[in-house]
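# Overview (structure and organization)
If you want the building blocks of each chain, they are given just below.
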Amino acid sequence: KANGRKNAISHNNIKSIYYDNKDDILWIGTHLGGLNKLDIRKNSFTHYRANENDATSLPSDIVKDIIPYKGELILGTHNGVCIFNPQNGKSRKLFVNRKEGKFIKIITDLYLDHLDNLWIAVPGNGVFSYNFKTNILRNYQHNPLNKNSLSSNNINSIIEDRHHNLWFATSGSGLDLFNYSTRGFENFDSKKDGLSSDCIYYICESHQNKLLIITNQ
């Protein structure tokens, strides 16, 4: 619990958690408290905060998602995506010099798929995919004239199941399945597929290879 002391969590509003079982480190993304590192063996906290005068600090103190990647952490914040180096505490913001970068600000979810594509959910702007190997950045948005487009520009959650199917939880349009071959989407909703609601907050996969979804109903 946050108590204003150095060796405590910086904020009680928790947005994301990642556990590094190799080093027994718990990484905690907070709302307005930046990134926290809890060394479980030493029972000590380290805080990493945004500093507008330091380009290597976090881009925002709101950290919505944390993904491990090749010894570093990919952070989704309220001011874009950055790569955080746990060894020196420095970060570098992605897409700064790309025209699409100005649209990648508030992040709701991140997901790294089996092809090394980083999927980025951005409210109002659909999803972006970025491939670290090819450096290709793509944006997928809803197009009312294309039934195979993303069904909503507001994505809450992204998950890849054990068969490499990539699923998107939308805020009002149900569930979307991505087709890697066509780069199109298939939609599942309450009207034609019996979902309890079209507003889906979160998806996870059960041990029985079933999708468990959290909705507003």
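One structure accompanies this document, and this report is about it. (Residues numbered from 1 in each chain as written. Predicted model: local features only at pLDDT ≥ 70, side-chain atom pairs only at ≥ 80, totals over all residues. Heavy atoms only, no water.)

## Some points on the overall build of the chain
Scanning the chain from terminus to terminus reveals 1 helix and 18 strands. If one aligns the C-alpha atoms of the chain with their principal axes, the spans along those axes are about 55 × 40 × 25 Å. Taken across its 217 residues, the chain has 47% of its residues classed as buried. In the chain, the share of contacts with a sequence separation of at least 24, taken over all contacts with a separation of at least 6, comes to 36%. With the model as given, the accessible surface of the chain reaches about 11800 Å², and the carbon-plus-sulfur share is 47%. Taking the average location of the 26 positive side-chain charges in the chain and that of its 21 negative ones, the two points are 5 Å from each other. (Helix = DSSP H or I, 4+ residues; strand = E, 2+ residues; numbered from the N terminus. Buried < 20%, exposed > 50% of the residue type's maximum accessible area, 1.4 Å probe, protein only. Contact = heavy atoms within 4.5 Å. Areas by Shrake-Rupley, 256 points an atom, 1.4 Å probe, with all protein chains shown as cover. Lys, Arg positive; Asp, Glu negative; His and termini not counted. Charge placed at Lys NZ, Arg CZ, Asp CG, Glu CD.)

## Some words on the pattern of salt bridges
For the structure on display, the rule yields 6 salt bridges. Lys22 is the salt-bridge partner of Asp23, the closest N and O atoms lying 3.7 Å from each other. Here Asp24 ties to Arg41 by a salt bridge, and the two come within 3.9 Å at their closest N and O atoms. In this pair, Asp24 is assigned in the loop between β1 (14-20) and β2 (25-30) and Arg41 in the loop between β3 (35-39) and β4 (44-48), connecting sequence segments 17 residues apart. For Asp24, a relative accessible area of 16% corresponds to the buried category. When its relative accessible area of 60% is taken as the criterion, Arg41 is described as exposed. (Salt bridge = Lys/Arg side-chain N within 4 Å of Asp/Glu carboxyl O.)

## As for the sheet that holds β1
The strands making up a sheet are joined through hydrogen bonds of the backbone, oriented either antiparallel or parallel. Taken together, the 4 strands give an open sheet; going across it, the order is β1-β2-β3-β4, and neighbouring strands pair in antiparallel fashion. Of all the strands in the sheet, the pair left with one neighbour each is β1 and β4. Across the sheet, the mean angle from the axis of one strand to that of its neighbour is 20 degrees, orientation sign disregarded. In this sheet, β4 lies alongside β3 in antiparallel orientation, the contact comprising 5 bridges. Within the sheet, the bridge partner assigned to Leu38 lies in β4 and is Phe45. (Pairing = 2+ DSSP bridges. Axes fitted to C-alpha atoms, helices over the stretch in contact; angles between N-to-C directions.)

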